[in-house]
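Survey of secondary and tertiary structure
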Amino acid sequence: MRCPSCGSLDTQVKDSRPTEDSAVIRRRRVCLTCNFRFTTFERVQLRELTVIKRNGRRVPFDRDKLMRSVQIALRKRSVDPERIEQTVSKIVRELESLGESEVTSETIGETVMEHLRALDDVAYVRFASVYRNFREAKDFETFLGQLSDDEGGAKEGAKESTEAPAGARK
Ligand SMILES: [Zn+2]
C-alpha cells in the first residue's frame with residue numbers, strides 16, 4: 001500500500017481489527033519512510049457496480065462518494081460514525097444484491113433515503129430535499145407534510161431542517 005503522504009511503497013500494517021460485525025477489516029498502517037500513519041479498510045464486494053446517471057452517462061460506483069453525501073446530510077447531527085459506516089455498508093450491500101451490474105442514480109438515491117430515514121429524520125429530509133431538487137418552497141412543504149403524516153414524531157426534525165438544503169448543497 002502506497003503512503004498517501006510521501007508516496008513510498010515501504011509501509012507496514014501495525015494492527016488489524018474487524019469492525020461492523022466482522023464485515024470490515026480495518027488496518028492501521030505506518031509509512032516506514034516518513035512515519036505517516038493511515039488506515040485502510042477491507043470489505044467484501046459482491047459485484048462491480050456501474051451507475052447510470054440521469055444524463056445517461058455511466059460511471060463506476062464510488063463508495064467514498066456515497067459516504068460523502070451521507071456525511072453532508074448528517075452534518076452536525078450526533079450520529080455515531082460507526083453507525084454511519086454500517087448504514088453506508090448496508091446501502092452498498094443492498095445495491096450489490098439487486099442482481100444487476102448497472103444501477104441508476106435514481107435507485108441509489110431512493111435506497112439512500114430509505115436508510116437515512118431509519119438513521120436520522122433531519123438527515124433524511126436534507127438528503128431528500130437535495131435529491132429531489134425542490135425548486136419551489138411549496139413542493140418542499142408538501143413533502144414535509146407527507147413526512148409528518150407518516151411519522152407522528154417527525155415534526156421537530158422537519159422544522160429544524162427547513163434551513164438545511166442551502167448548507168447541504170455546498
Ligand atoms: Zn510516507
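Cut-off values and rules
- Residues numbered from 1 in each chain as written.
- Predicted model: local features only at pLDDT ≥ 70, side-chain atom pairs only at ≥ 80, totals over all residues.
- Helix = DSSP H or I, 4+ residues; strand = E, 2+ residues; numbered from the N terminus.
- Buried ≥ 20, exposed ≤ 12 C-beta atoms within 10 Å, placed from the backbone.
- Contact = placed C-beta atoms within 7 Å.
- Pairing = 2+ DSSP bridges.
- Axes fitted to C-alpha atoms, helices over the stretch in contact; angles between N-to-C directions.
- Core = buried A, V, L, I, M, F, W, Y, C linked by C-beta atoms within 7 Å.
- Left-handed = near helix turned anticlockwise from the far one by under 90°.
- Nonpolar A, V, L, I, M, F, W, Y, C, P; charged D, E, K, R; others polar.

A count of helical and extended segments in the chain gives 7 helices and 6 strands. Relative to its full complement of 170 residues, the chain shows a buried share of 19%. In the chain, once contacts between residues fewer than 6 apart in sequence are set aside, the share between residues at least 24 apart is 49%.

On to the sheet that holds strand 2 (residues 24–31). One open sheet accounts for 3 strands, arranged 1-2-3; its pairing is antiparallel. At either end of the open sheet lies a strand with only one pairing partner, and these are strand 1 (11–19) and strand 3 (37–43). Looking at each pair of strands side by side, their axes are set apart by 25° on average, direction ignored. Relative to strand 3, strand 2 runs antiparallel, the two sharing 7 bridges. When the bridges of strand 3 are listed, R27 appears paired with T40.

One open sheet holds the 3 strands; their spatial order is 5-4-6, and the pairing between them is mixed. This sheet does not close on itself; its edge strands, each paired only once, are strand 5 (58–60) and strand 6 (102–104). For this sheet, the mean inter-axis angle between neighbouring strands, taken without regard to orientation, is 35°. Across 3 bridges, strand 4 (residues 50–52) lies against strand 5 in antiparallel orientation.

Relative to the elements of secondary structure, R132 occurs in the loop between helix 4 (121–131) and helix 5 (137–150). Each C-alpha atom, one on R132 and one on E110, is 9.9 Å from the other, the two residues being 22 residues apart in sequence.

Attention now goes to the nonpolar core. Within soluble globular proteins, side chains that are nonpolar tend to cluster in buried spots. In terms of nonpolar packing, the biggest core is built from 16 residues, with V70, A73, V112, L116, A123, Y124 and F127 touching the most fellow members. Among the elements of the structure, helix 1 (63–73), helix 2 (81–96), helix 3 (105–119) and helix 4 are those that each provide at least two residues to this core. Sort the elements by how many residues they give to this core and helix 4 lands first, with 6 residues. When neighbours within four sequence positions are excluded, F127 is seen to be in contact with A73, V112, M113 and L116.

Here we come to helix 4. Here helix 4 lies mainly inside the structure; 9 of its 11 residues are buried. Looking only at helix 4, the buried set comprises D121, V122, A123, Y124, V125, R126, F127, A128 and S129.

Let us now look at the packing of helix 2 against helix 3. Remark: helix 2 packs on helix 3, axes separated minimally by 10 Å, with the N-to-C direction vectors making an angle of 145°. As helix 2 packs across helix 3, the resulting crossing turns out to be right-handed. Between helix 2, through R83, T87, K90, I91, E94 and L95, and helix 3, the contact on the second element is made entirely by I108, T111, V112, H115 and L119. In the contact of helix 2 with helix 3, the residues fall into 5 nonpolar, 3 polar and 3 charged.

So far we have only geometry, and geometry alone does not tell us how the molecule works.
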